[in-house]
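# Coordinates in review
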Amino acid sequence: MLSNPIKDNDFLAYTLANPDKIDGSFNFILSNHTRVDVLDTGVIVFTPNTPSTKDIVLSSAVHGNETAPIEICNQLIHDLLSEKIIAKQRCLFLIGNPAAIINKTRFIDENMNRLFSGAHSKGEGLRHPERHRAKALEQYVADFYNANSDNQRIHYDLHTAIRASKHEKFAIYPYRPGRAFSGEQIMFLAACGVDTMLFHHEPTTTFSYYSSEQFQADAFTVELGKVMPFGQNDMSRFIQTHTMLEKLITEIVLEVPAFDAARVNLYKVSRSINKHFDDFEFSFAGDVENFSAFSQGEVLATEGGNAITVEHPQEAIVFPNANVPIGQRTVLCLVPALSEKIE
Ligand SMILES: O=C(O)CCC(=O)N[C@@H](CCC(=O)O)C(=O)O
Ligand SMILES: [Zn+2]
């Protein structure tokens, strides 16, 4: 058993110094209370030596340029390694795409958040590092959850959005047919400052859908604000999120208020508009904020000589991005969620 070799307890620096792989996995013990396993570059597990009730996955940098979640997770890891805080719950931190962090880009070859649930091996297969990494991340999550079947499984895949949003912090609740949405989770996220929820309407190849569907985890893609380079995040905007994640990790019983629909904004995805032609173009200005609403009949986009119009009395848009490969999502359209089953 090694002593802790992570200099200054800075796991991000350690990861970025070894972006492709580390020289073998290793583990060490923190003062007889926590076992630490470093399994791969950007992959670290904290296991308390007392019984836990939750298995928590916190992933960041599935998109390499989304830096605020990386800073939040690295601070939590630092505080755990330096024993400023002590984990009471099992937790797995994943820094998704170290090479893209170094490159300061969303991805190198392919958007990793379209490669989960086996998509990494479809089509041309495992043809570049992001596909291998998505497959490996799936396995780390599977091993982590399968090691302990009784605990509540939680996965927050932390992101920031490309553009500004009318609701600064929001989460995507993956499609989960036959399973009620969790009011407790919605209120926990609200306590994190994530006061807006989007209920997805179909299976996807995102990381959060993978954990939700394969392991029945309470899994979410969580958008914490607008993307900024390292050094330009106003960390005061993440205090609530950081505080609640720390409580989640360090407390055995975490009280959250009872579900109250009046305290959150609830939307459901009415449709995902995918790209079919190279000339796909939005009709609204490039700086339109997420959650901007359009009225029935208004033209949202054109492609291949066709206009794509608003189908409901109003639809709000989120994540508009025409610069995606054919077949991928260009935008999600949203309507108010009025009748979702929340328990
Ligand atoms: O701001 C944008 O256009 C994209 C932000 C982002 O990375 N969002 C995730 C959402 C994943 C989901 O739908 O659960 C993504 O596009 O991968
Ligand atoms: Zn992202």
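Summarised in this report is the structure supplied together with it. Computed from a predicted structure; not experimentally measured.

About the criteria used
- Residues numbered from 1 in each chain as written.
- Chains lettered and ligands numbered in written order.
- Predicted model: local features only at pLDDT ≥ 70, side-chain atom pairs only at ≥ 80, totals over all residues.
- Heavy atoms only, no water.
- Pairing = 2+ DSSP bridges.
- Helix = DSSP H or I, 4+ residues; strand = E, 2+ residues; numbered from the N terminus.
- Near = heavy atom within 4 Å.
- Polar contact = N/O pair within 3.5 Å; in protein donor to acceptor, adjacent residues only side chain to side chain.
- Areas by Shrake-Rupley, 256 points an atom, 1.4 Å probe, with all protein chains shown as cover.
- Nonpolar A, V, L, I, M, F, W, Y, C, P; charged D, E, K, R; others polar.
- Salt bridge = Lys/Arg side-chain N within 4 Å of Asp/Glu carboxyl O.
- Buried < 20%, exposed > 50% of the residue type's maximum accessible area, 1.4 Å probe, protein only.

### Section: the sheet that holds strand β14 (residues 306-309)
Pairing is antiparallel in the open sheet, where 3 strands are placed in the order β11-β13-β14. Looking at strand neighbours, the two that pair on one side only are β11 (281-282) and β14, the edges of this open sheet. As defined by bridge partners, strand β13 (residues 299-303) adjoins β14 across 4 bridges and the pair is classed as antiparallel. Residue pairing for β14: Ala301 is matched across the bridge by Ile308.

### Here's the deal with the site of ligand 1
Within the structure, ligand 1 sits among 14 residues, and Asn113, Arg114, Ile162, Thr221 and Glu223 are positioned closest to it. The side chain of His63 places a nitrogen or oxygen atom 3.0 Å from an oxygen atom of ligand 1. Contact between ligand 1 and Glu223: a nitrogen atom at 2.8 Å from a side-chain N or O atom of the residue. With the chains in place, 98% of the 430 Å² that ligand 1 exposes on its own is no longer accessible. Of all the secondary structure elements, the ones that give two or more residues to the shell around ligand 1 are β6 (152-161) and β9 (218-226). Per-class residue counts for the shell around ligand 1 are 4 nonpolar, 5 polar and 5 charged.

### A word on the pattern of salt bridges
Overall, the coordinates contain 17 salt bridges when judged by the stated rule. In this structure, Asp37 and Arg35 form a salt bridge, with 2.8 Å as the shortest nitrogen-oxygen distance. With a shortest N-O distance of 3.8 Å, Asp218 and Arg176 are connected by a salt bridge. With a gap of 42 residues between them, Asp218 in strand β9 and Arg176 in the loop between β7 (170-173) and α5 (183-191) connect regions that are remote in the sequence. The residues Asp218 and Arg176 share a single accessibility class, namely buried. The structure contains a network of salt bridges with shared partners spanning Glu110, Glu124, Arg127 and Arg131.

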